[in-house]
Amino acid sequence: MMRSGSDNAPPGGPVHVTRAALPPLEDYLACVRRIFSTHGLTNMGEFARGLEAELTRTLDAPALAVCANGTLALQLALRLLGLNGKTVITTPFTYVATLSALLWEGCTPIFADIDPHSLCMDPAEAARQLDAHPEAAGLLPVHVYGNACDVDALEALTRERGVALLYDAAHAFGSRIRGKSLFAFGDAATASFHATKLFHTVEGGCIVARDPARKKELELLRAFGHVGDTHFSLGINAKLSELHAAMGLCLLPELPANIARRATVTGMYDETLGLAGDGAPGAEGLRRPRLAPGLAWNHAYYPVIFPDGGVRARVTEALEARDIHPRRYFFPSLTRLPYVQSPPCPVAEEMAERVLCLPLWADMAPELTREIAELTRAAARA
Ligand SMILES: *Cc1c(COP(=O)(O)O)cnc(C)c1O
């Protein structure tokens, strides 16, 4: 496929960082027909309950509740673990929603810098921040790009200090470590099922809690704190609609094939850029984050770490000129937000300058993948 030309207009339109997966239209329409016949639109009907049951199996989850989005999932999980209003140690290298959820729940976030190889929270930095902030009640790390945090070190640290461990696993759906879903780690973990994510319900998310006895509390948090006329506790509205749940039920069976096809695309990027998941430098000094040992990665994103911000900017410009739009996941480091006062986190701030996620979706054309990889390599060399 030739996308170049005097007007730079690509035949297929702009190339974004990802393209939302869609099920066969007929599959989804069959669900819509059922919904129209029952008038069951929301309030945890057959589709939302069906999705919850399927996800509980897929994620080896002791307790799981689907909800309206990944940000509310974090907010509900913070409440479930009693972290609202408390000091929580988190990472500055994540999507802003990790922080918004904390601030919205009245928490005081403290940033622990990231490991320069995995780009996930550095357990030694987390320990340092726990020493400096003895009032901290919990840790909120992120499994960045579907890579795994150092789950053993973070588990040991939080048990030793007696603080809660909540994972933002928005990127981690389908990733497994030593055969276990990443949702099996921590006191709780949350997912986002936003349309840009590997698995989605258009908008949606879920909370997984380690303690099976807490499912009822999750249900109350999600739906106003009452069942019928009996009011138990404070809740909010975070329910997932039947139309959203139906999308998830249609897409879930395609997940293994989706991951396998993404693996093919990332393999093609790797080949052209000389990169691998061990973090070793490839062509033009580029590298990928180092994947955790024992990780069966979900191939959710294709992050490239450039030698410096100048090379990253040059590559962006070369791709944008062809109407190809990579994304700076994540920029800025959250330490730099205008409404945040934080001491610097030098590693996160440097990585925010150097990282770019290249376009990736399951059925991306090999020609397009190759073209993006070659443009990236050539611009990085220039
Ligand atoms: C997408 C995302 C969220 C927010 O999820 P929404 O479903 O969009 O609310 C939170 N954390 C991370 C790391 C994300 O990537």
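Residues numbered from 1 in each chain as written. Predicted model: local features only at pLDDT ≥ 70, side-chain atom pairs only at ≥ 80, totals over all residues. Heavy atoms only, no water.

**Q** Could you give an account of the overall build of the protein chain, with specific residues and numbers?
**A** What the protein chain contains, in helices and strands, is 12 helices and 14 strands. Seen through its C-alpha atoms, the protein chain measures out along the principal axes to roughly 65 × 60 × 40 Å. Counting over 382 residues, the protein chain shows a buried share of 55%. In the form shown here, the protein chain has an accessible surface area of approximately 15700 Å², with 57% of it arising from carbon and sulfur atoms. Of the charged side chains in the protein chain, 36 are positive and 42 negative; the average position of the first set lies 1 Å away from that of the second. (Helix = DSSP H or I, 4+ residues; strand = E, 2+ residues; numbered from the N terminus. Buried < 20%, exposed > 50% of the residue type's maximum accessible area, 1.4 Å probe, protein only. Areas by Shrake-Rupley, 256 points an atom, 1.4 Å probe, with all protein chains shown as cover. Lys, Arg positive; Asp, Glu negative; His and termini not counted. Charge placed at Lys NZ, Arg CZ, Asp CG, Glu CD.)

**Q** Describe the domain arrangement of the protein chain, and please don't skip the residues or the numbers.
**A** Domain boundaries in the protein chain define domain 1 (25-253) and domain 2 (255-381). The distance between the C-alpha centroids of domain 1 and domain 2 comes to 25 Å. Residue-level contacts link 36 residues of domain 1 with 38 residues of domain 2. Carbon and sulfur atoms supply 66% of the area buried between domain 1 and domain 2, which totals about 3000 Å² over both sides. Considering only the surface of domain 1 that becomes buried against domain 2, His117, Tyr145 and Leu198 emerge as the three largest contributors, covering 25% of it. Linking domain 1 with domain 2 are zero salt bridges. Seen at the junction of domain 1 and domain 2, the total is 17 residue pairs in polar contact (both at pLDDT 80 or more). (Domains from an automatic or database assignment. Contact = heavy atoms within 4.5 Å. Buried area = accessible area lost by both parts, 1.4 Å probe. Salt bridge = Lys/Arg side-chain N within 4 Å of Asp/Glu carboxyl O. Polar contact = N/O pair within 3.5 Å; in protein donor to acceptor, adjacent residues only side chain to side chain.)

**Q** For the pattern of salt bridges, give the residues involved together with the corresponding values.
**A** Summed over the entire model, instances satisfying the criterion amount to 27 salt bridges. The salt bridge partner of Arg381 is Glu284, with a shortest N-O separation of 3.1 Å. You can see Arg381 sitting in helix α12 (residues 366-381) and its partner Glu284 sitting in the loop between α9 (255-273) and β12 (295-296), a full 97 residues away along the chain. Arg381 sits in the exposed class, given a relative accessible area of 52%. Judged by relative accessible area, Glu284 falls into the partly exposed class, the value being 27%.

**Q** Help me get a handle on the site of the ligand, residues and values and all.
**A** Close to the ligand lie 15 residues, the nearest being Gly70, Thr71, Asp168, Ser192 and Lys197. Measuring from an oxygen atom of the ligand, one finds a side-chain N or O atom of Ser192 at 2.7 Å. Residue Lys197 places a side-chain N or O atom 3.2 Å away from an oxygen atom belonging to the ligand. Secondary-structure elements contributing two or more residues to the shell around the ligand are α3 (70-80) and α4 (96-104). Here the shell around the ligand is composed, by residue class, of four nonpolar, nine polar and two charged. (Near = heavy atom within 4 Å. Nonpolar A, V, L, I, M, F, W, Y, C, P; charged D, E, K, R; others polar.)

**Q** Which residues make up the sheet that holds strand β3 (residues 108-111), and what values go with them?
**A** Within the open sheet, the seven strands sit side by side as β1-β9-β8-β5-β4-β2-β3. Their pairing is mixed. In this open sheet, the two strands that pair with only one neighbour each are β1 (63-67) and β3. Between one strand axis and the next, the sheet turns through 20 degrees on average, direction left out of account. Strand direction decides the pairing type here: β1 and strand β9 (residues 205-209), joined by five bridges, are antiparallel. Across the sheet, Leu64 pairs through a bridge with Val208, a residue of β9. Along the sheet, helix α5 (residues 123-132) contacts β2 (87-90), β3 and β4 (136-140); its crossing angle with β4, the most-contacted strand, is approximately 160 degrees. (Pairing = 2+ DSSP bridges. Axes fitted to C-alpha atoms, helices over the stretch in contact; angles between N-to-C directions.)

**Q** Got a sec to walk through the pairing of β2? Specific residues and values, please.
**A** Both faces of β2 are covered, namely the face carrying Thr87 and Ile89 and the face carrying Val88 and Thr90. Bridge count between β2 and β3: four bridges; the pairing is parallel. Along β3, the bridge assignment pairs Ile89 with Ile110. For the segment spanning β2, α4 and β3, crossover handedness is right-handed. As paired elements, β2 and β4 share four bridges and run parallel to each other. Bridge pairing in β4 links Val88 to Gly138. (Right-handed = clockwise from strand over helix to strand, strands pointing away.)

**Q** Outline the nonpolar core, listing residues and values.
**A** Core analysis: the biggest nonpolar cluster contains 80 residues, and Leu55, Phe93, Leu139, Tyr145, Phe173, Phe183 and Phe199 have the highest contact counts within it. Top contributing element to this core by residue count: helix α8 (residues 242-251), with five residues. Two domains each donate at least three residues to this core, and these are domain 1 (25-253) and domain 2 (255-381). In this view, Phe173 contacts Leu55, Thr58, Leu59, Phe183, Phe193, Leu198, Phe199, Leu252, Leu255 and Asn298; residues no more than four positions away in its chain are not counted. Grouped together as the second largest cluster of nonpolar side chains are 26 residues, Ala73, Ala77, Leu78 and Leu221 included. (Core = buried A, V, L, I, M, F, W, Y, C linked by side-chain atoms within 4.5 Å.)

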